[in-house]
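Coordinate inspection notes
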Amino acid sequence: MTTDATGTADYDWRFDSGRTCLDLMATSAPGAGPELLLNRGFLGRWLLDAGLLPAGTPVSVVDGPWADRFVELRLWIDQLVRAELGGRFADSALERVNALATASPPSIRAVRDGNGSLVRTLGGTPECTALLAAVARDALDLLTDPQALSRLRQCEGESCRRIYLDTSRGRRRRWCSSEVCGNRERVARHRRRAAAVARV
């Protein structure tokens, strides 16, 4: 597993869960690992890669306190999504996500570029509250859509906590990523078979 200039492993940069709010959940470091979102460069790049900021937005706009607020939102969304999957209630988390979702209107708008094509641009200086609201609204849209909710899955990969939307035909997807967790499972299965043959 390689790392980039911010010291972030490639695995942490995947956006394959099917929803922005679930991709935010996936930024949680497993075990007692470092809190990646507290790195301003990481948060700025995550906002760009998630499409919450238009390409080319300088990550210098991401202020220090933003990280703490995104970590809090991630925690509330994680509690809310996992509670729904488990048939439980997380009313305190729901209240906080609801409050954030209505705190600020979106700050993205569409304009024509030099070729006449529509492109995304900022409606003003990026504001943390508006970006938090966009992710919170995505979580509420997901959890209030019965069809989407029925497709939520927990990855079956060993030690993987990612939750994703299963949009596969037949809804038989077992892993958040066939290339990552699926491949790990196939390699582990091969090693077990090889070890069993060696013992015979």
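Structure report, in brief. In this text the structure is predicted, and so the values were computed from the model without any measurement.

A word on the overall build of the protein chain. For the protein chain, the count of helices and strands is seven helices and four strands. Of the regular secondary structure in the protein chain, the N- to C-terminal order runs α-α-α-α-β-β-α-α-β-β-α. The contacts of the protein chain with a sequence gap of at least 6 include a subset with a gap of at least 24, amounting to 54%. If you sum the accessible surface of the protein chain, you get close to 11,300 Å²; carbon and sulfur atoms cover 51% of it.

It is worth spelling out the packing of aromatic side chains at this point. Tallied over the entire structure, the rule returns one aromatic pair. Relative to W46, the ring of F15 has its centre 6.0 Å away and its plane inclined at 35°; by these criteria the two rings are tilted. Placement of F15 in the segment before helix 1 (20-25) and of W46 in helix 2 (residues 40-49) is noted, with a sequence separation of 31 residues between them. With relative accessibility at 1%, the residue W46 sits in the buried group.

Working note: regular strand, side chains alternate between the two faces of the sheet. Here strand 1 (residues 108-112) runs beside strand 2 (residues 118-122); their pairing, made up of five bridges, is antiparallel. Paired with R112 across the bridge in strand 2 is L118. Between strand 1 and strand 2, which pair antiparallel in sequence order, lie five residues; one of them, G116, sits at a positive phi of approximately 90°.

This part takes up the side chain of T27. Its location among the elements puts T27 in the loop between helix 1 and helix 2. Looking at T27, its side chain comes within polar contact range of the main-chain oxygen of L24, at 2.6 Å. The contact partners of T27, leaving out residues within four places of it in the chain, are L36, L37, F42, W46 and R74.

Before going further, it helps to spend a moment on helix 5 (residues 128-143). Taking 1.5 Å per residue, 16 residues should reach 22 Å; helix 5 reaches 23 Å between its end C-alpha atoms and fits that length. With 12 of its 16 residues buried, helix 5 lies for the most part within the structure. Within the sequence span of helix 5, burial applies to C128, A130, L131, L132, A133, V135, A136, D138, A139, L140, L142 and L143.

Before going further, it helps to examine the side chain of D138. Relative to the assigned elements, D138 resides in helix 5. Its relative accessible area of 14% is what places D138 among the buried residues. Of the polar contacts made by the side chain of D138, one reaches the backbone nitrogen of C21; its length is 2.8 Å. Beyond its immediate chain neighbours, meaning those up to four positions away, D138 contacts R19, T20 and C21.

How each quantity is defined
- Residues numbered from 1 in each chain as written.
- Predicted model: local features only at pLDDT ≥ 70, side-chain atom pairs only at ≥ 80, totals over all residues.
- Heavy atoms only, no water.
- Helix = DSSP H or I, 4+ residues; strand = E, 2+ residues; numbered from the N terminus.
- Contact = heavy atoms within 4.5 Å.
- Areas by Shrake-Rupley, 256 points an atom, 1.4 Å probe, with all protein chains shown as cover.
- Phe/Tyr/Trp six-rings, centres within 6.5 Å; stacked < 30°, edge-to-face > 60°.
- Buried < 20%, exposed > 50% of the residue type's maximum accessible area, 1.4 Å probe, protein only.
- Pairing = 2+ DSSP bridges.
- Polar contact = N/O pair within 3.5 Å; in protein donor to acceptor, adjacent residues only side chain to side chain.
- Expected span 1.5 Å × (residues − 1).

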